[in-house]
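# Geometric and topological summary
For reference, the chains in residue letters:
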Amino acid sequence: MNSLSQHACDHLAELLKGFGLAATTPLSNWIDGALVAGEGEEITLINPATGEALVSYRDAGTTLIERATQAATRGQREWMALTASERGRRMNSALRGLEGHEEALAQLESVVAGKPIRDCRAEVGKVREMFEYYAGWCDKQHGEVIPVPTSHLNYVRHVPYGVVGQITPWNAPMFTCAWQLAPAIAAGNGVVLKPSELTPFSSVVIAQLLECSGKFGQGLPKGLINIVNGLGKSTGAALTDHPTISKLVFVGSPQSGRMIAEAGARRLVPSVLELGGKSANIVFADAKLDEAVAGAQAAIFAAAGQSCVAGSRLLIERSVFEQVTSRLARAAEQIAVGLPSDEVTRMGPLQNRRQFEQVTRMIEAAEAAGARVLTGGKRPEGLPDEAHGYFIAPTVLVDVTPEMEIAQQEVFGPVLIAMAFEGEAEAIQLANETRFGLAGAVWSQDVARAHRVAGQLRAGTVWVNSYKAISVMSPFGGFGDSGFGRSSGLDGLREYTVPQSVWVETAPEASVAFGYGSGVG
């Protein structure tokens with residue numbers, strides 16, 4: 001093991017010890033208010049920056065899923081016994097548990113996920129933002145009264161599912177953990193959440209800090225949040241198949257999303273799928289090109305392109321195509337690619353070898369099909385000698401045609417393809433010419449055209465003269481292979497409730513009909 005790898009291992013061990021997770025086998029689960037070691041096969045995490053072993057832990061397995069669902073059931077009952085206002089107060093109070101731990105949590109995420117430390121610090125802030133927002137919704141989930149044409153009082157209330165199962169990805173484990181936990185418990189549910197087996201620890205720490213923050217019984221109930229870590233084929237399958245789980249929420253790839261939806265369908269359990277994207281970033285000739293180039297750069301190269309909303313397809317009006325692509329290539333070459341722990345790093349490695357090999361293969365296949373690399377496509381220069389991990393330089397490809405694999409399939413890496421178009425109609429056609437429909441953007445100073453084009457994009461989120469402006473207040477989700485259902489905003493909260501219609505007879509002497517005609521009309 002080289003010195004860089006050893007330093008990362010030592011740093012991770014120190015972080016795990018600080019959060020109480022350190023043991024011969026790290027305590028990689030949070031169940032019923034306690035840290036618990038897994039019981040299954042050993043899983044070894046690899047350092048994304050060096051490609052060497054980082055730490056090993058054990059798969060949770062079926063038994064721990066059973067314990068977690070039982071705990072979530074008890075915790076949910078205790079939670080729903082409180083008033084809605086009290087639940088909101090306790091969600092806000094739970095955030096105190098994060099105080100003083102923000103930097104350590106960011107460091108933990110950076111080491112394991114391979115994300116630049118500056119990005120991880122920002123994501124810790126997002127955890128707080130999400131819980132604050134949904135805490136405010138606890139006592140504002142109003143029902144409605146329906147003026148039915150009978151003598152009944154008919155009202156609708158939104159009730160929780162009970163216990164929900166959540167599965168989150170390796171590209172943003174801390175962000176997606178809070179993104180799903182907060183609305184789920186605000187709606188009144190108990191939770192069993194399984195992070196990716198590649199990034200297990202930050203979600204455990206978040207649950208631990210939130211549940212342990214309460215003083216004198218004023219925190220979250222023990223067992224309300226449970227985190228189980230392990231492989232999809234074992235722990236994941238046990239979670240999706242468990243009869244206690246009343247709804248499934250998955251963030252990840254379309255391939256895995258199909259399996260989650262099928263598992264739910266077998267038990268007639270609904271699901272929310274937030275899957276991949278192949279988002280089109282459309283630049284018209286009248287756009288402010290300085291802003292458009294900066295926006296296109298951030299859209300794809302932030303997080304090393306490992307983002308479901310990455311602007312991986314840049315569609316440029318032909319008259320400014322050469323100007324935009326040449327400027328973008330020069331800008332890409334200036335991005336500071338380096339170790340996740342370095343304060344100046346803007347882009348780190350890919351998170352794992354499988355993804356690195358997939359991205360590399362897709363670049364090579366695109367070149368073989370006729371695409372041309374303007375910049376990147378290989379290991380970046382200037383990295384430390386011991387950084388043998390999964391680094392790929394920011395890459396820009398031109399001479400790409402719509403039928404190429406790289407124009408149709410999600411790369412999930414720092415790879416941008418640029419294609420030219422003539423006029424609005426072709427721009428819209430190219431933008432909608434994939435099975436994905438997660439996000440898109442339009443850059444133009446013509447306000448009418450921007451609205452016109454945005455309205456015709458088959459995408460759940462569309463930005464105008466901007467990219468990746470995401471808030472917990474606004475719904476997020478997609479069409480087609482990008483999944484169904486919504487996260488965040490009121491729509492995200494509603495995904496965790498079921499509308500219940502209640503009919504109360506008010507007539508002194510109501511008629512009771514055989515069929516659907518009861519009541520005085």
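Structure first, text after, so check above.
A brief report on the enclosed structure follows. On a predicted model such as this, the values are computed, not experimentally measured, just so you know.

### Section: the overall build of the chain
Within the chain, the regular secondary structure consists of 16 helices and 22 strands. At 25 Å, the chain has a C-alpha radius of gyration in line with the 24 Å of a compact globule built from 521 residues. Counting only C-alpha atoms, the chain reaches 80 × 60 × 40 Å along its principal axes. For the chain, buried positions account for 57% of its 521 residues.

### Concerning helix H6 (residues 173–186)
Between its first and last C-alpha, H6 extends 20 Å over 14 residues, near the 20 Å set by a 1.5 Å rise per residue. Within H6, 14 of the 14 residues are buried, which leaves it mostly tucked inside the rest of the structure. Where H6 ends, the next residue or the one after it, Gly188, has phi of about 105°, a positive value.

### Quick notes on the pairing of strand E8 (residues 190–194)
Of all five residues that make up E8, five are buried, and the element is covered over most of its length. What you see with E8 is no split at all: Gly190, Val192 and Lys194 on one side and Val191 and Leu193 on the other are buried throughout. Across five bridges, strand E7 (residues 163–167) lies against E8 in parallel orientation. In the sheet register, Val164 faces E8, and the bridge partner there is Val191. Examined bridge by bridge, E8 and strand E9 (residues 225–227) share three bridges and lie parallel to one another. Counted as the bridge partner of Val191 is Ile225 from E9.

### Regarding the environment of Ala450
Checked against the element boundaries, Ala450 lands in helix H15 (residues 447–454). Look at Ala450 and you get buried, because its relative accessible area is 3%. Taking C-alpha positions, Ala450 is 57 Å from Ala510, a pair spaced 60 residues apart along the chain. Not counting residues up to four positions away in its chain, the partners in contact with Ala450 are Val442 and Val464.

### Regarding the sheet that holds strand E14 (residues 372–375)
Spatial ordering of the open sheet is given by E14-E15-E16-E13-E12-E18-E19, a layout of seven strands whose pairing is mixed. Two strands lie at the open edges of the sheet, namely E14 and strand E19 (461–464), each paired on one side alone. Strand-to-strand twist of the sheet, defined as the mean angle between neighbouring strand axes without regard to direction, takes the value 25°. Pairing of strand E15 (residues 395–398) with strand E16 (residues 415–421), which is carried by three bridges, proceeds in the parallel orientation. Of the residues in E16, the one forming a bridge with Val396 is Leu416.

### Some thoughts on the packing of aromatic side chains
Under the defined criterion, the tally for this structure stands at eight aromatic pairs. With a centroid separation of 4.9 Å and an interplanar angle of 80°, the aromatic rings of Tyr133 and Tyr134 are classed as edge-to-face. Both residues of the pair, Tyr133 and Tyr134, count as buried. Measuring from ring centre to ring centre gives 6.0 Å for Phe356 and Tyr390, while their planes differ by 40°; the resulting arrangement is tilted. Linking Phe356 in helix H12 (residues 353–368) with Tyr390 in the loop between E14 and E15, this pair joins segments that are 34 residues apart in sequence. Using a relative accessible area of 22% as the deciding quantity, one classes Phe356 as partly exposed. Grouped by ring-pair contacts, the aromatic residues Phe175, Trp179 and Phe476 constitute a single cluster. Looking at Arg449, its charged tip hangs above the ring of Phe284, at a distance of 4.2 Å from the centre. The cationic tip of Arg486 hangs over the ring face of Phe479; the distance from NZ or CZ to the ring centre is 5.8 Å.

### Section: the pairing of strand E13 (residues 313–317)
The side chains of a regular strand alternate between both faces of the sheet. With respect to burial, E13 is a largely interior element, five of its five residues being buried. Bridge analysis of strand E12 (residues 280–283) against E13 gives four bridges, and the strand direction is parallel. Paired with Val283 across the bridge in E13 is Ile316. The β-α-β motif built from E12, the intervening helix H10 (residues 289–301) and the parallel element E13 has right-handed crossover chirality.

### Section: the nonpolar core
Grouped burial of nonpolar side chains is what soluble globular proteins tend to show. Within the largest apolar cluster, 137 residues are counted, with the highest numbers of intra-cluster contacts made by Met91 and Ile406. With residues near it in sequence (within four places) discarded, Met91 still touches Trp79, Phe131, Tyr134, Ala135, Cys138, Ala182, Ile185, Ala186 and Leu220. If you look at the next biggest cluster of nonpolar residues, it comprises 20 residues, including Ile31, Ala60, Ile245 and Leu273.

### Examining the packing of helix H4 (residues 102–113) against helix H7 (residues 201–211)
Where H4 meets H7, the closest approach of the two axes is 9 Å, and the angle between their N-to-C directions is 160°. The angle between H4 and H7 places the two elements in the roughly antiparallel class. The two elements H4 and H7 cross, and the hand of that crossing is left-handed. Packed against H4, whose contacting residues are Leu105, Leu108, Glu109 and Val112, the element H7 presents Phe201, Ser202, Val205 and Ile206 at the interface. Its residues placed into classes, the contact of H4 with H7 shows six nonpolar, one polar and one charged.

### A few points about empty space enclosed by the protein
All told, the structure shown has four cavities of 30 Å³ or more when counted by the stated rule. In this structure, the largest cavity occupies an estimated 100 Å³ of space. In this structure, the largest cavity is lined by 15 residues; those nearest its centre are Arg313, Ala431, Ala439, Arg458 and Ala459. Among the elements of the structure, strand E17 (436–437) and strand E18 (439–443) are those that each provide at least two residues to the lining of the largest cavity. Across the lining of the largest cavity, the residue classes break down as seven nonpolar, five polar and three charged. Its volume calculated, the second largest cavity comes out at about 60 Å³. Forming the boundary of the second largest cavity are 13 residues, of which Gly305, Ser307, Ala310, Ser312 and Phe412 lie nearest the centre.

Calculation rules
- Residues numbered from 1 in each chain as written.
- Predicted model: local features only at pLDDT ≥ 70, side-chain atom pairs only at ≥ 80, totals over all residues.
- Heavy atoms only, no water.
- Helix = DSSP H or I, 4+ residues; strand = E, 2+ residues; numbered from the N terminus.
- Rg over C-alpha atoms; globule rule 2.2 N^0.38 Å.
- Buried < 20%, exposed > 50% of the residue type's maximum accessible area, 1.4 Å probe, protein only.
- Expected span 1.5 Å × (residues − 1).
- Pairing = 2+ DSSP bridges.
- Contact = heavy atoms within 4.5 Å.
- Axes fitted to C-alpha atoms, helices over the stretch in contact; angles between N-to-C directions.
- Phe/Tyr/Trp six-rings, centres within 6.5 Å; stacked < 30°, edge-to-face > 60°.
- Lys NZ or Arg CZ within 6 Å of the ring centre and 35° of its normal.
- Right-handed = clockwise from strand over helix to strand, strands pointing away.
- Core = buried A, V, L, I, M, F, W, Y, C linked by side-chain atoms within 4.5 Å.
- Parallel < 35°, antiparallel > 145°, perpendicular 65-115°, else oblique.
- Left-handed = near helix turned anticlockwise from the far one by under 90°.
- Nonpolar A, V, L, I, M, F, W, Y, C, P; charged D, E, K, R; others polar.
- 1 Å grid on protein atoms, 1.4 Å probe; cavity = no way out; pocket = protein on both sides within 12 Å on 5 of 7 lines; lining within 4 Å.
- Points joined across faces, edges and corners; volume = space filled by probe spheres on them.

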